[in-house]
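# Topology and contacts: notes
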Amino acid sequence: MTSTQQQSQTAEEIEQYDVIIIGAGVTGLYALWRLRQLGFSAHSFEEGSGVGGTWFWNRYPGCRFDSESYTYGYSFSEELLQEWDWKEHYSGQPENERYLNYVADKFDLRRDIRLNSRVMSAVFDENENCWEVVMEDGNRARGQFLVTSVGILSAGYVPEFEGKDSFKGVSCHTGRWPQEGVDLAGKRVGVIGTGASGVQLITEIAKEVSHLTVFQRTANFCAPLRNSPIEDETQREIKESFPEIFKKCLETPGSFVHEFDPRSAMSVTPEERLEQYERLWQKSGFAKWLSNFYDVMMPGEANEDYAEFFRNKIRERVNDPVVAEMLVPKTHMFGSKRLPCESGYYEVFNQDNVLLVDVREAPIERITPAGIKTKDAEYDLDVIVFATGFDAVTGSLNRVYIRGEGGQTLKDKFANGPRTYMGVQSAGFPNLFTINQASVGNFVRAAEPLVDWVTEAMAYVRDNEYSLISASPQAEEEWTQHVADAGAKILRSQADSWFVGANIPGKARGLLTAPDTAPVMRAKRDEVAANGYEGFLLQ
Ligand code: NAP
């Protein structure tokens, strides 16, 4: 902050709101709308130069939904549902960003959003019982409540490769793709990382680069997305079925439209099993695992049986058997990492101008001015893309200096993993709702009820003439123990991935989101609210 700016905003001029929202992505936009409905004055401060969060920043080639577009959009406005036409079953980033801009305009949200305003700090004022945020430009604002809609996957992670800054070409992270784009046509491009972002990007850019080198550390289970345009007749059917679509999503564990087969894979004959695997393989999107026998998504025999089916599918698609074996996942259970969907990913490795490098076998030693040097070889490149993921959940919170009661910072408190009550609050940080911690599964379906609950909690505080709500230390302790105990047993805790913070060197290992299914989480929150916000201290 410059001294001029400090002087220019006197105490009287500091903007005051009931609620300050950090972020204008999917949850921030909805929180703003919902808070207005409840009669609060709310304002969102957004780092980006546009709204959309994830769909503003992740503009890398190939970026698109893996969830069905019509299950991902907001459900709160019938008018919006009827007037917005999703063009594809799995919509691409440009369209998704357009959608969120359309929402911002339609509901006149922009008057309460300040773009290009990165929040640097949020400090709780114990005398005034309010939060004060300071933006990068030095401006300040105060609010009784603070909502961090900062996303679970928004703090990009680039490994500390030696010589990282010495590269003379162009380099960027998938999650911070330049708005003006990156010229890749005819270039020698290296991509580090083969998670969901890398898989989408690699498939798309292989069409235009002169040479592509893919640096893979862990092979993934990837399955065909089978995207297609939405025909007019289907569009009409979708619009008529929104109540059923959303009802179904609310009933399933991850808020997706797919429902598990209640049979065990091992309870049917091998022929029946294979028939089901093949039938689902032809379907689009996540049906291949979320409509499958329920136990393929649990550690055990069924999981391994389906994993082998997947491995064979990969072997069928890659011409060179050595390359095929490099692409076949063998070190983690099927479903223990997020499963990328793809649109021709494996065939990319049949192209003459594409090289797959195993960096577990021969780790990257350094970035050089000319490219990347591994233990075995040097690769000359014009462009390096870091598809190396995110410091999930806590990373985006830690980018803001958040200080609660008694001078305690949230970063220090979460040093050994998040300590929250139901993912929404942490003791000692009154009126702060960290809503990026409680979402699981299909993001918007999980986020809407969560935002509803959080905003209704604020209304409860106001309407009952309290001024503060904060998680009790005991409720927090019990919840944190529950996350540790229940979280350790579930499939997505079993691999080294962002789900458990294992992708970031030095980060404490532990499940970063709720271990319960979406319906269970909603029921728990509803019960807490029905019991007068049990587990929270109100004063
Ligand atoms: P990610 O899944 O964490 O993948 C990061 C990749 O970088 C992995 O292949 C990882 O290898 C590799 N990597 C990290 N550090 C490395 C190092 N030092 N050397 C070599 N390789 C390294 O990140 P992501 O692909 O960005 O996806 C993150 C999440 O975003 C997804 O799980 C998903 O939830 C979401 N996402 C969603 C969509 C969608 O809905 N369509 C699209 C993209 C992303 P290891 O596996 O060995 O760690």
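What counts, and where the lines are drawn
Residues numbered from 1 in each chain as written. Predicted model: local features only at pLDDT ≥ 70, side-chain atom pairs only at ≥ 80, totals over all residues. Heavy atoms only, no water. Phe/Tyr/Trp six-rings, centres within 6.5 Å; stacked < 30°, edge-to-face > 60°. Helix = DSSP H or I, 4+ residues; strand = E, 2+ residues; numbered from the N terminus. Buried < 20%, exposed > 50% of the residue type's maximum accessible area, 1.4 Å probe, protein only. Axes fitted to C-alpha atoms, helices over the stretch in contact; angles between N-to-C directions. Parallel < 35°, antiparallel > 145°, perpendicular 65-115°, else oblique. Left-handed = near helix turned anticlockwise from the far one by under 90°. Contact = heavy atoms within 4.5 Å. Nonpolar A, V, L, I, M, F, W, Y, C, P; charged D, E, K, R; others polar. Core = buried A, V, L, I, M, F, W, Y, C linked by side-chain atoms within 4.5 Å.

### Some remarks on the packing of aromatic side chains
Applying the stated rule across the entire model yields 44 aromatic pairs. A centroid spacing of 5.1 Å and a plane angle of 90 degrees characterise the contact between Trp55 and Phe65, whose relative ring orientation is edge-to-face. One end of the pair, Trp55, is in helix H3 (residues 54–57); the other, Phe65, is in the loop between H3 and helix H4 (69–72), and ten residues separate them in sequence. Assigned by exposure class, Trp55 and Phe65 land together as buried. Here the aromatic rings of Trp281 and Phe309 are separated by 5.7 Å at their centres, their planes lie at 85 degrees, and the arrangement is edge-to-face.

### Some details on the packing of helix H2 (residues 26–37) against helix H17 (residues 443–463)
Viewed as axis vectors pointing N to C, H2 and H17 meet at an angle of 40 degrees, and their least axial separation amounts to 9 Å. Considering their axes alone, H2 and H17 lie oblique with respect to each other. By crossing handedness, the relation of H2 to H17 is classed as right-handed. When H2 is examined against H17, the residues Val26, Thr27, Tyr30, Ala31, Arg34 and Leu35 are found in contact with a partner set consisting of Phe443, Val444, Ala447, Glu448, Val451, Asp452, Thr455, Glu456 and Met458. Residues belonging to the contact of H2 with H17 are distributed by class as follows: nine nonpolar, two polar and four charged.

### What about the nonpolar core?
Tyr74, Leu212 and Phe536 are the most contacted members of the largest nonpolar core, which has 102 residues in total. In terms of residue count, the dominant contributor to this core is H17 (eleven residues). Counting residues in hydrophobic clusters, the runner-up holds 22 residues, among them Val268, Trp289, Phe293 and Ala307.

### Some points on the environment of Gly190
Inspection of the secondary structure puts Gly190 in strand E8 (residues 188–192). Taking the relative accessible area as the measure of exposure, Gly190 reaches 0% and is therefore buried. Along the primary structure Gly190 and Ser171 are separated by 19 residues, whereas in three dimensions their C-alpha atoms are 9.4 Å apart. Aside from chain neighbours lying at most four places away, what touches Gly190 is Thr213, Phe215, Leu381, Val383, Ile384 and Val385.

Geometric values such as these leave the question of function open.
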